[in-house]
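Given next are the chains, with one letter for each unit.
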Amino acid sequence: MKNVTHWIGGRPWDGAAQRQGDIYDPAAGQVTGRVDFASAAVVDDAVAAAGKAFGSWRAASLTKRTQILFAFRELVRAHTGELAELISSEHGKVAGDAAGEVARGLEVAEFACGIGHLLKGGFSENVSTGVDAYSIRQPLGVVAGITPFNFPAMVPMWMFPIAIACGNTFVLKPSEKDPSASLLLARLWAEAGLPEGVFNVVQGDKEAVGALLAHPEVRAVSFVGSTPVARYVYQTATGAGKRVQALGGAKNHMVVLPDADLDLAADAAVSAGFGSAGERCMAVSVLVAVEPVADDLVARIAGRVKALRVGPGSDTQAEMGPLVSAAHRDKVASYLDAGVAGGATLAVDGRAHAVTGGSEEGFWLGPSVLDHVTPQMSCYTDEIFGPVLSVVRVRSYHDAVALVSENPYGNGTAIFTSDGGAARRFVNEAECGMIGVNVPIPVPMAYYSFGGWKASLFGDTHAYGTEGVHFYTRGKAVTSRWLDPSHGGVSLGFPQNQ
Ligand code: NAD
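Not measured: the values here are computed from a predicted model.

Novice: An account of the nonpolar core is needed here, citing residue identities and associated values.
Specialist: Core analysis: the biggest nonpolar cluster contains 69 residues, and W158, F170 and F199 have the highest contact counts within it. In terms of residue count, helix α6 (residues 154-165) provides more of this core than any other element does, ten residues in total. Looking at which domains feed residues into this core, each of domain 1 (2-248 + 456-478) and domain 2 (252-437) supplies at least three.

Right under this line is the structure:
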């Protein structure tokens, strides 16, 4: 059985943990290892290592930092297969999804390779006679990242490449459910030449989180996870005077207008609803069918869903893996009964879906489609975070956009239509942070920024992109007067008229 521990000051921690947690292989339903849980004292050690490294790291030239980032990027790319296997073995997602998450994380590392350009300030000559003004951005110090189970490589990589490129030092607290990817990333940083203490990992649960939020030397916290924890992290850490961006849960609606290409919409609903077993914060969980398309659309989706191959990540043909834990699987399944009890119909019941090549003990639940869902049902109001697509039938575009905008979450949404004017109107009106037009999962590229509205984000800064650079730096404006040498300064070497 493997033992996963912390990474502090450039090496694995060699202490004896007082508390540990189990690591599962969700496809086998078996415990495959143990992960150490950091106490407050271990968090102190990690923050101290990061604090010690900060002075020389912030002084490292932009050229030096860029060289290390490029080396890290190359190493992660070369280890994509190994990272993807680790992710699959602890999260359960299939190989393609795991490799995809590494690729999306790498895009942020690539963006951070341009840090020299990103940190350029402004300069105004002669704002007054002989006076210049300019702006610079400086790192904050030790910053922390707290991340969820569903993207154990990508979400941490939304944070630390930019934080580190900006000259900060970093303490990551990954999810205790799939902790191994963080350690491989730490080893790759070391191999890339990152000085010890610049990147640290503390494993654990809410005790480690509480210690990070209370630590006076932690200047900023980036959090991604469920809404109740995001709200708690935001309130606690801002109360302690820290800068915070806390990204929360989601309930993403995909609106299909009657003029949409229904095959395109059905393909999109299936990949966005059931990819990564629906355990994606940008997964489509509500399909809003604007009548009269619902019957036709649901039939096309049901046909595709029934053909999905469900199996372990080790099967390269598998399209959907198990859920992350038995408890989560059971909770997700309970929404099917609750939906039916509330009047919804099960167009596809994932509990009957065949599993190809998986162990019987695995945390399996096939893809389900609940039709005739209404906004009062728990399958609509709750973030299910699993392979359940709820279909809400509405009469008009207006009903659809109102549903999206009135939902308490505001992460992503998408519209499927062949009418550019309707799409443009939706982009303008929908109250969400990320919008797709005939694209079901509109995750922004690394040079834009990722973030939702309403209960999907606490704080005002989105993740990565230029907003990430802003979050991990402080602005300084300088006003500077230098007298001309003719006022008695250094000789400029011109001939003197005696
Ligand atoms: P979670 O909120 O349970 O855990 C997130 C992190 O917080 C983990 O590191 C965990 O150890 C820690 N944590 C959990 N409970 C805590 C507590 N009581 N006190 C302090 N720390 C605690 O989330 P999860 O189940 O790991 O991930 C799934 C959730 O993350 C979903 O709600 C999903 O929508 C959300 N998510 C959001 C985004 C986004 O960009 N908005 C991205 C990915 C995931």
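On we go from here.
Novice: Which residues make up the site of the ligand, and what are the values?
Specialist: Around the ligand lies a shell of 27 residues, among which K173, E176, S226, G248 and E383 are the nearest. The separation between an oxygen atom of the ligand and a polar main-chain atom of T147 is 2.8 Å. Here an oxygen atom of the ligand sits 3.0 Å away from a polar atom, N or O, in the main chain of F149. A total of 840 Å² of accessible area belongs to the ligand in isolation, and the protein chains cover 87% of it. According to the grid-proximity analysis, the pocket containing the ligand is the largest pocket. Looking at the shell around the ligand, the elements with two or more residues in it are α8 (206-214), β11 (218-224) and α9 (227-239). When residues of the shell around the ligand are assigned to domains, at least three map to each of domain 1 (2-248 + 456-478) and domain 2 (252-437).

Novice: Account for unusual backbone geometry, with residues named and values stated.
Specialist: With an omega dihedral of 20°, the bond running from E291 to P292 counts as a cis peptide bond. Summarising the element assignment, P292 is placed in the loop between β14 (284-290) and α11 (294-306). Of note in this structure, N438 is not a glycine but carries a positive phi near 55°. Inspection of the secondary structure assignment puts N438 in the loop between β20 (434-437) and β21 (453-454). The exposure class of N438 is partly exposed, given its relative accessible area of 30%.

Basis of the calculations
Residues numbered from 1 in each chain as written. Predicted model: local features only at pLDDT ≥ 70, side-chain atom pairs only at ≥ 80, totals over all residues. Heavy atoms only, no water. Core = buried A, V, L, I, M, F, W, Y, C linked by side-chain atoms within 4.5 Å. Buried < 20%, exposed > 50% of the residue type's maximum accessible area, 1.4 Å probe, protein only. Helix = DSSP H or I, 4+ residues; strand = E, 2+ residues; numbered from the N terminus. Domains from an automatic or database assignment. Near = heavy atom within 4 Å. Polar contact = N/O pair within 3.5 Å; in protein donor to acceptor, adjacent residues only side chain to side chain. Areas by Shrake-Rupley, 256 points an atom, 1.4 Å probe, with all protein chains shown as cover. 1 Å grid on protein atoms, 1.4 Å probe; cavity = no way out; pocket = protein on both sides within 12 Å on 5 of 7 lines; lining within 4 Å. Sits in = over half its atoms within 2 Å of the grid points.

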